[in-house]
Each structure stands twice: as C-alpha cells, then as structure tokens.
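Observations on chain architecture
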Amino acid sequence: MINKSRLIKLTQKVISCNSENPPGNEWGLAQFIIKDMKSCGLEVKTYTYAKGRPNIVATLKGTLPRAQAAREAILITPHFDTVPIGTIGKGWKFKPLGGQIHDGKIYGRGASDDKGNLTSCMEVMRSLTEDGVKPRKDVVMAATVDEETGSKYGIIPLLDKKVLKPGLALVMDSDEFYAIIAQKGLIHSRIQIFGKKAHGAYNWRGVNAIEQAAEVIRKIKALRWTYKKHPLLRGPTTNIGVIKGGDKVNMVPDFCEFALDLRYVPGMDPQAVLRRLRATVRTVTLKFKIVIDDLQLPYTIDPRHPAVELYLKTARTMKCPAKVKGSEGATVITFFKKHGIPAFATGYGARGTAHTNDEYIRVNTLYRGTRFLEQYIKEYDHI
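Since the model is a prediction, treat every value here as computed from it, not as a measurement.

1. Brief notes about the side chain of Asp36
By the secondary structure assignment, Asp36 is in helix H2 (residues 27-38). Among the residues examined, Asp36 registers a relative accessible area of 14% and is labelled buried. For Asp36, the contacting residues outside a window of four places in its chain are Met122 and Arg126.

Below is the structure:
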C-alpha cells in the first residue's frame, strides 16, 4: 500500500540531495537511490557512462518465463538530475534544497522536474514488494542521469546498449497526470557566417558578417513550412537563442554565429528541413557553415494503443484528471522510437513550475499520482 507519510519524507530527502546538471552532480543521490531500492529486496544494477554518474535499474521480476517476462516488462523511468539552482537565496523564498512544506506544496529544486516523479516510482516499487505482489511481467524502474543536458550519459546508451528492452515505457517526466503521446522533433544548430574584415570607416572594403546574419535570420523567421497539422501540436517554430560576432565597433566583422532552435511536427522530414534551411542561407551568402548540435525525431503513439487506452480507463476509475496531450518541447520518449518500444510520458509535477525559483509539487497530486501509477502497473500486467 502506498504510504503517504513515507512518500512525503522520501521526496523531502531526495530534494535535499543536490544533483545539479550541469555540472552533473548526481553521485550522492544515486547512492541513496541504490541503497533504498536494495532495501526493498529488488534486483538493482548500475550502468555508468560518465565518471561518477551512475544510472540505476531496479527490477521486480515477473512470474512468466524469464524471456517473456522481460520482453513484456513495463518500464517506469524518471531522471534525477536537475537544472542548476542559480545563486542560492537570489529570487528564492524557500530553500532550494530544503524540501519545505507550505500550503500543501513541497518546495525545492527538482520538486516537479523530476524528483517528485522519482519518489513516486520508488514508493511504487517499495509498495509492490511490501504487499508481496507477484507480477506476471517484470516491473523495471530506471532512474537516469543527464536528462537536462541531452541524455547522452543516461537513457540513450541504456537503450542503445539494450540494457532496457521493455514492452512499454512510461517516461515519468510530466505534469498533472497528462499522457504525452505526441512530441515535436527538434534541430539545434549553429549557423556560422563568414565575411571580410575592414576598417569601420571604409566598410565597403569588407563584408559585414553580422549584417548578413541579420538578413539570414529575417528570412528564416519568414519561412512558411508545409506540414500536416497535428491535433495535439502547434505548427513548426524557430527561435534564435544566442548570437555572437564582431571584435570592435569600428571594425567590419568577418564572423557571426547564431544558434537556432527549430521544432518540427510529425510527418516532416528533418533532412528536407535542413535542405531548406541551407537554401535560405545561400540566398544571402555562400560563405557559411551549419553545425548540427542536436537532432531529435518527432514522436507519436496512437491514442488507441491499448496501453494508452488502459491509462485513461484506469484514470477514470480512480477519478484522476488524466488526458492525452502533445508536447511542444522535448522529452526522452523520442529515444524509444528507433528501438520500436511504445512509450508515452506522464507524471505528477505542478504545471509551469519546472526550472523556476520556488519550484514545487503538490502533496495531494503526488500521493494520488503514486496510487494511480501502482494501479496502472497492476492493470497493465493483465493485458
């Protein structure tokens, strides 16, 4: 049985463990998670792809034949790194690592993203073992590092190396019981423009890379994309997040670089998007380079998928406010796509508080969500 008091204390404890990323300070919290999950009698293994940053995989083994129980497993996967706190005390009313409770909310860095969801998963694993539940299929919890900076030391190698091969994945990194079944793809790039230096008083002798970059940006922002509208997502978006160039006010700059965040919808070809981007830059200059820092594919799972329908049915039975939703931003569900693993994201964070000062999670939402998660796992075990 889910123990509310224990869940609250557990959430306060993990909030008190600093796991900021950057710099990737997950070691201390990882040791606590390992000890806690081993005390449940679970099989606990660690997988480390960057020094001092272990991923933790805890498994409650099913009673089906071993290969089948593993193949049909349900995976619940939160991350336990957080974004930085910032200057402690600046803009915070509550202690960032305090886990203080006020007005029915637990405050602290990571409370919503993603430590509340982590403790929900940990409490479910403990409750199942305490109650002597014998699932048919494996129940696997993978607590991962590095989500906040790309997951290259977390969920990505765990999937690529086939450490995780479940029948269904629940990415525990969302808010308010939403089932995130669709997600935009993203392209993060740096567009570098090369000009020619000259004295600012004789600017006609040079080629101004900053001015060319400004024209490129104008044209990128004016692009109109061809795409099929998705019922849960807005259309493609572009954002210029960083720009730098030039040496001195009286010099014609010979270099300018700007960072572009481009989000595109399911059905769009990322290579076609990049071809159009390059063609747009060429209308201004031929002296440029596009550096791709990240490219993630869009993701969608059919809302009629049995696991999604069961999620909504279980929520109705338990009177929880779950509904399907699309994500404009990126979660790790996209990484399951290339491995053919059905996945969607869910969770019980407080909407709009992730990455903010005085981040919090509502106690009642966390408790209801944890009870719901346990019941969903039990229901899934019979489909």
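Next, the rest of the story.
2. With respect to the environment of Ala279
Counting through the fold element by element, Ala279 comes out in helix H7 (residues 270-282). Take Ala279: its relative accessible area is 36%, and that puts it in the partly exposed class. Sequence-wise, Ala279 and Ala343 are 64 residues apart; in three dimensions their C-alpha atoms are separated by 35 Å.

3. Here we look at the sheet that holds strand S9 (residues 185-194)
Taken in spatial order, the four strands line up as S11-S13-S9-S14 in an open sheet, and their pairing is antiparallel. Pairing within the sheet leaves two strands with one partner each, and these edge strands are strand S11 (237-245) and strand S14 (288-296). Direction aside, the axes of adjacent strands within the sheet are offset by 15 degrees on average. Running at roughly 15 degrees to strand S13 (residues 255-264), helix H6 (residues 209-221) makes contact with S9, S11 and S13 of the sheet.

4. Describing empty space enclosed by the protein
Scanning all chains against the criterion turns up one cavity of 30 Å³ or more. Counted as a void, the largest cavity has a volume near 50 Å³. The wall of the largest cavity is formed by Thr77, Pro78, His79, Thr144, Glu147, Ile155, Val171, Asp173 and Val332. Partitioned by chemical class, the residues of the lining of the largest cavity number four nonpolar, three polar and two charged.

5. Observations concerning the layout of surface pockets
The probe, sized like a water molecule, is rolled over the atoms to show the empty space still left. Approximately 730 Å³ is the volume attributed to the largest pocket. In this structure, the largest pocket is lined by 30 residues; those nearest its centre are Asp173, Ser327, Gly329, Ala330 and Thr331. Listing elements by their share of the lining of the largest pocket, those giving two or more residues are helix H4 (111-130), S14 and strand S16 (324-327). Here the lining of the largest pocket is built from residues that sort into seven nonpolar, 14 polar and nine charged.

6. Structural notes on the environment of Asn18
Of note, Asn18 is situated in the loop between helix H1 (4-16) and H2. For the pair Asn18 and Leu29, spaced eleven residues apart in sequence, the C-alpha to C-alpha distance is 7.3 Å. Ignoring sequence-local partners within four residues, the contact set of Asn18 consists of Asn25, Ile85 and Leu97. Of note is the side chain of Asn18, whose polar atom sits 2.9 Å from the side chain of Glu20.

7. Description of the pattern of salt bridges
One pass over the structure, following the stated rule, counts 18 salt bridges. Residue Asp146 is joined to Arg53 by a salt bridge in which the shortest nitrogen-to-oxygen separation is 3.3 Å. Placement of Asp146 in the loop between strand S6 (139-143) and helix H5 (155-160) and of Arg53 in the loop between strand S1 (43-48) and strand S2 (54-60) is noted, with a sequence separation of 93 residues between them. Both residues of the pair, Asp146 and Arg53, count as buried.

Conventions we followed
Residues numbered from 1 in each chain as written. Predicted model: local features only at pLDDT ≥ 70, side-chain atom pairs only at ≥ 80, totals over all residues. Heavy atoms only, no water. Helix = DSSP H or I, 4+ residues; strand = E, 2+ residues; numbered from the N terminus. Buried < 20%, exposed > 50% of the residue type's maximum accessible area, 1.4 Å probe, protein only. Contact = heavy atoms within 4.5 Å. Pairing = 2+ DSSP bridges. Axes fitted to C-alpha atoms, helices over the stretch in contact; angles between N-to-C directions. 1 Å grid on protein atoms, 1.4 Å probe; cavity = no way out; pocket = protein on both sides within 12 Å on 5 of 7 lines; lining within 4 Å. Points joined across faces, edges and corners; volume = space filled by probe spheres on them. Nonpolar A, V, L, I, M, F, W, Y, C, P; charged D, E, K, R; others polar. Polar contact = N/O pair within 3.5 Å; in protein donor to acceptor, adjacent residues only side chain to side chain. Salt bridge = Lys/Arg side-chain N within 4 Å of Asp/Glu carboxyl O.

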